[in-house]
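Reading the structure
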Amino acid sequence: MTEKPNEPSAGAAGDETPAPKPVGEPVRSPFDSPTEVFATASVKDEPTTPDLTKEVPRTDEELGLDPEVPLYSELKNSIPGAADSKATTPDPAAPTYAFASIPPAPTAPADSSRYRRDSRRGTLDLGLLLLRLIIGGTFIYHGLQKATGWFHGPGLDGIKTAMENGGWKHVDLSAPLLIAGELGGGILVVLGLATPLAAGAVLAVILDAWMWKQSMVPGFQYSAKGNSTEIESILAGIATVLILTGPGRLSFDRNRGWASRPYLGSLAALVAAIAAAILAYIYLHGGNPLTGIGPFD
């Protein structure tokens, strides 16, 4: 028998002999030339794949960038906060470039709410509150005297009789108007609500009272004994002041313009109150209340 050389079996343990290498072709890795490998694969497998054999662009011109765009180093003097802290003024020769940026949010304005207390007003609002309490309380007092008879007042029937004896006409209309002006206007003045109208109502009422007493006796009756118009003059003056100054911020009208900055509206309310008092006196009483005074003799 012919002896054959011993050949190790393929599954023998510890056999680490590598497979024979092809002759004439060096071993290559895909990482040696990836562009070539990808290009070869694209040509063989997918002809429609873009050709990747072109060189990768490396310059600004190849990338399509605008070479005229200035560099950041050239522009940092024109960018707020980017310049060196040692530089005092930017270089006038440096080019400028308009960057698209979002403008900063505007500074929130100071609180302009009318509820905000202005320290410059000092005690003005407190003084106006005291003024309203005095004049409003006075008219409420007289209104309750005429409406209910409280505080030793004449009551509704008593005021009708007194007005009729004093020359007033249509006492069924004039007496309720008098009570509404004193009581309703006084309450609104104290609250500081609809102040120009409320103060105008009490002003019209007190002007009619002044004209009534002034017409009883010829001559100026400001300090006349038994028929003085001094109190009526003072109340009319206070009501006028309240219309022109406003009720202040310690009132229900504190968010209205006339509360702290009255102007044309309050002036119109003053004129309307004076006109209403004159017309009411002419219609409900008649006669000239200035008889015997200076040129009205």
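Attention in this report is confined to the structure presented alongside it. None of the values given here were measured: they were computed from a predicted structure.

Taking 1.5 Å per residue, 16 residues should reach 22 Å; helix α8 (residues 230–245) reaches 23 Å between its end C-alpha atoms and fits that length. Residues E232, L235, A236, A239, L242 and I243 constitute the buried set of α8. Burial along α8 is one-sided: seen end-on, the buried residues are contained in an arc of 120 degrees. Where the residues of α8 are buried, they touch α4 (124–148), α6 (171–191), α7 (195–216) and α10 (264–284). Phi turns positive, to about 85 degrees, at G246, one or two residues after α8.

As a further point, take the nonpolar core. Membership of the largest hydrophobic core comes to 31 residues, with the highest contact counts inside it found for I135, F139, M163, W168, L203, I206 and I243. Among the secondary structure elements, those contributing two or more residues to this core are α4, α5 (155–165), α6, α7, α8 and α10. With 11 residues, α7 is the largest single contributor of residues to this core. L203 has contacts with A236, A239, T240, I243, L270, A273 and I274, leaving out every residue within four places of it along the chain.

Considering all chains together, one arrives at three salt bridges under this definition. Two residues, K146 and E182, come together in a salt bridge whose shortest N-O distance is 3.2 Å. Of this pair, K146 sits in helix α4 while E182 sits in helix α6; the two residues are 36 residues apart in sequence, bridging distant segments of the chain. Accessibility expressed as a relative area gives 7% for E182, which makes it buried. Here K213 makes a salt bridge to E232, at a shortest N to O gap of 3.3 Å. Residue K213 is located in helix α7, and its partner E232 is located in helix α8; the two are separated by 19 residues in the primary sequence.

What counts and what doesn't
- Residues numbered from 1 in each chain as written.
- Predicted model: local features only at pLDDT ≥ 70, side-chain atom pairs only at ≥ 80, totals over all residues.
- Heavy atoms only, no water.
- Helix = DSSP H or I, 4+ residues; strand = E, 2+ residues; numbered from the N terminus.
- Expected span 1.5 Å × (residues − 1).
- Buried < 20%, exposed > 50% of the residue type's maximum accessible area, 1.4 Å probe, protein only.
- Arc of directions from axis to C-beta.
- Contact = heavy atoms within 4.5 Å.
- Core = buried A, V, L, I, M, F, W, Y, C linked by side-chain atoms within 4.5 Å.
- Salt bridge = Lys/Arg side-chain N within 4 Å of Asp/Glu carboxyl O.

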